[in-house]
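Overview (structure and organization)
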Amino acid sequence: MHAPGLIDTARKLVADDKGLLAMDESNPTCSKRFAKLGIPQTVEARRAYRELIVTTPGLGESISGAILYDETIRQQKKDGTPLIKVLTDAGIILGIKVDTGAKSQAGHPGEKVTEGLDGLRDRLKEYSQMGARFAKWRAVLAVGDGLPSRGCLEANAQALARYAALCQEAGLVPVVEPEVLMAGEHTLERCREVTEEVLRTVFHQLYVQRVMLEGMILKPNMVLPGLTCPRQETVDEVADATVKCLLRTVPAAVPGVAFLSGGQSGELASARLNAMNVRFKTRLPWALAFSFARAIQQPALEIWRGEEANVPAAQQALIHRARCNCVARLGEYHTAMENSPEMTSLRDNPAELAEVR
Ligand code: 13P
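Below is a short write-up of the structure. Keep in mind the model is a prediction, meaning the values are calculated, not measured.

The rules we used
- Within every chain, residues take consecutive numbers counted from 1 along the sequence as written.
- Restriction of local features to residues with pLDDT of at least 70 applies here, the model being predicted, together with a cutoff of 80 or more for giving and counting side-chain atom pairs; totals for whole chains, interfaces and linings are based on all residues.
- Hydrogens and waters are ignored; side-chain quantities use all the structure's heavy atoms.
- A helix here means a DSSP run of H or I that spans at least four residues, while a strand means a run of E at least two residues long, and both kinds are numbered starting from the N terminus.
- It is over C-alpha atoms that the radius of gyration is taken, and the globule rule equals 2.2 Å times the number of residues to the power 0.38.
- Exposed residues in this analysis have more than 50% of their type's maximum accessible area, buried residues have under 20%, and partly exposed residues fall in between, with area computed by a 1.4 Å probe over protein chains only.
- Contacts were defined at the residue level, with two residues in contact if any of their heavy atoms lie within 4.5 Å.
- Each accessible area value is a Shrake-Rupley result obtained with a 1.4 Å probe; residue values ignore everything except the protein chains displayed when judging cover.
- Charge assignment: positive for Lys and Arg, negative for Asp and Glu; neither His nor the chain ends contribute.
- The location of each charge is read from NZ of Lys, CZ of Arg, CG of Asp or CD of Glu.
- Each polar contact in these results corresponds to two N or O atoms within 3.5 Å; when the atoms are within protein, one needs to be able to donate a hydrogen and the other to accept it, and residues that are neighboring in sequence are counted only if both atoms are side-chain atoms.
- Whether a residue is near a molecule or strand depends on its heavy atoms: if one lies within 4 Å, it is near.
- As a working rule, the residues Ala, Val, Leu, Ile, Met, Phe, Trp, Tyr, Cys and Pro are called nonpolar, Asp, Glu, Lys and Arg charged, and the rest polar, with Gly in that last group.
- Under the pairing criterion, centres of Phe, Tyr and Trp rings, with the six-membered ring standing for Trp, must be within 6.5 Å; the plane angle then separates stacked pairs below 30 degrees from edge-to-face pairs above 60, leaving the rest tilted.
- Nonpolar cores are built from buried Ala, Val, Leu, Ile, Met, Phe, Trp, Tyr and Cys residues. Side-chain atoms within 4.5 Å join them into one set.
- Strand pairing follows a simple DSSP-based rule, namely that at least 2 bridges must link the two strands.
- Here is how to tell: hold the view so the strands point away, follow the path from the first strand over the helix to the second, and if it runs clockwise the crossover is right-handed.
- In this analysis, the expected span of each helix is defined as 1.5 Å times one less than the number of residues it contains.

**Considering the overall build of the protein chain**
- Counting its regular elements, the protein chain contains 13 helices and ten strands.
- For 357 residues, the compact-globule formula gives about 21 Å, and the C-alpha radius of gyration of the protein chain, at 19 Å, lands near that figure.
- Each of the three principal axes of the protein chain carries a C-alpha extent, and together these read 50 × 45 × 45 Å.
- Per-residue burial for the protein chain yields a buried fraction of 59% across its 357 residues.
- Put simply, of all contacts in the protein chain between residues at least 6 apart along the chain, 79% involve residues at least 24 apart.
- Of the roughly 14,200 Å² that the protein chain leaves accessible, carbon and sulfur atoms contribute 51%.
- Considering the protein chain, the positive charge centre built from 43 side chains and the negative charge centre built from 43 side chains are found 3 Å apart.

**A short note on the side chain of Arg192**
- Along the polypeptide, Arg192 turns up in helix H8 (residues 188-208).
- A distance of 2.6 Å separates a polar atom in the side chain of Arg192 from a polar atom in the side chain of Glu196.
- Not counting residues within four places of it along the chain, the set of residues in contact with Arg192 comprises Val223, Ala241, Cys245 and Arg248.

**Structural notes on the site of the ligand**
- Taken together, 13 residues sit near the ligand, with Lys136, Lys219, Ser261, Gly262 and Arg294 positioned nearest.
- For the ligand, an oxygen atom lies 2.4 Å from a polar atom in the side chain of Ser261.
- Here an oxygen atom of the ligand sits 2.7 Å away from a polar atom, N or O, in the side chain of Arg294.
- Out of a free accessible area of 300 Å², the ligand has 98% covered by protein chains.
- Of all elements in the fold, only strand S6 (134-141) and strand S10 (287-292) reach the threshold of two or more residues within the shell around the ligand.
- Each residue belonging to the shell around the ligand can be placed in one class, and the counts come to four nonpolar, three polar and six charged.

**Focus: the packing of aromatic side chains**
- Evaluation of the coordinates by the stated rule reveals five aromatic pairs.
- Plain terms: the ring middles of Phe34 and Tyr49 are 5.7 Å apart, the flat faces sit at 80° to each other, and that makes the pair edge-to-face. Here Phe34 is found in helix H2 (residues 27-36), whereas its partner Tyr49 is found in helix H3 (residues 43-54), with 15 residues between them in sequence.
- On the basis of relative accessible area, Phe34 is assigned to the buried category, the value being 1%.
- Note on Phe290 and Phe292: the rings are 5.7 Å apart at their centroids and 35° apart in plane angle, and the pair reads as tilted. Like Phe290, the residue Phe292 is buried in the burial classification.

**A few points about the nonpolar core**
- Grouped together as the largest cluster of nonpolar side chains are 118 residues, with contacts concentrated most on Tyr163 and Leu288.
- Per element, the largest residue contribution to this core is ten residues, and it comes from helix H7 (residues 150-169).
- Not counting residues up to four positions away in its chain, the partners in contact with Tyr163 are Val98, Leu117, Leu120, Ala135, Lys136, Trp137, Pro174, Val175 and Val176.

**Re the environment of Ala317**
- Along the chain, the position of Ala317 falls in helix H12 (residues 311-330).
- Remark: the alpha-carbon pair of Ala317 and Thr56, spanning 261 residues in sequence, is separated by 9.8 Å.

**Describing the pairing of strand S7 (residues 173-180)**
- For S7, the tally of buried residues reaches eight of eight residues, placing the bulk of the element in the interior.
- By the bridge criterion, eight bridges tie S6 to S7 in an arrangement that is parallel. Counted as the bridge partner of Val140 is Glu179 from S7.
- Read from S6 through H7 to S7, the crossover connection turns out right-handed.

**Description of H12**
- For H12, built from 20 residues, the straight-helix expectation of 28 Å at 1.5 Å per residue is met to within 8% by its first-to-last C-alpha distance of 29 Å.
- Within H12, 14 of the 20 residues are buried, which leaves it mostly tucked inside the rest of the structure.
- Directly after H12, the chain includes Gly331, whose backbone phi takes a positive value near 75°.

**Topic: the environment of Gly151**
- The residue Gly151 is located in helix H7 in this model.
- For the pair formed by Gly151 and Val113, sequence separation is 38 residues and the distance between their alpha carbons is 9.7 Å.

Structural data, given as structure tokens:
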């Protein structure tokens, strides 16, 4: 294990009020999002879109690390420059998604277990040689009647911990992502209860598998009411419930908590992150940061729609969301910052946004 290097990278990922940009959608997920907007679902369209993202002027001022997909880490700009060179030149740390997806879990109707441990040691070695310094693995936990089950929770927590141990052995910082899904009618209190149990189980497994907490990042969901729950709590209530849950479960040795957005609109994700930092920042042992995909990318994707002419406007939308989240880390975000008319549409409809996944 490379303890000093891992600790240094983990700290850098959450330093200077920056955060992570998840741009690691698998091809099927990317295709779903492209199809909704009439963008061709081709290798070239994905390459062009990822070129748009990484060449966004000033990206490195707000983004500390970018999480790529296997296809993207091997792609180039139109002029032949590797995308990973563009990112490293911008001072952005390279990350890579290494799970191979959440698959139906045998004997557990309605639940999934994330796969990808077979051959992982060799894949991590290759990614490390390519320049990756951190990795991501996402587990998904559905909330429902009797869900998540103990079997689903434990299988996913153990896989996350084994992945994290392999990452650290290879010198990569593991971003550990257990996502309690927003889909459903459940209350915020039920989400809190489930998230608490999930995080307890995950940290127990991280301990059992000898993962060094100082050299990892936790990527959890915020504690939210289900998308179709009639009662939707205020931004401050969400901030309080989320931080209370994290304080009960996340050891102080972990340097950073970088939230996923999970289908929240960009504005709500920024506002909730902001509220947590306003109310608690000076009293927390870990940094509260972001690792958003949709909450940073969605407005840009909607503007781009596969058209070269839309690239500058799309990049402006992307950098705007990235900056809003940096400001939210400082606790200085205000909705008045959302003054660009291009950024409406799906942002007002979180149910539809979540469905784009
Ligand atoms: P969202 O922010 O769109 O939830 O994506 C984060 C992520 O990386 C999921 O694995």
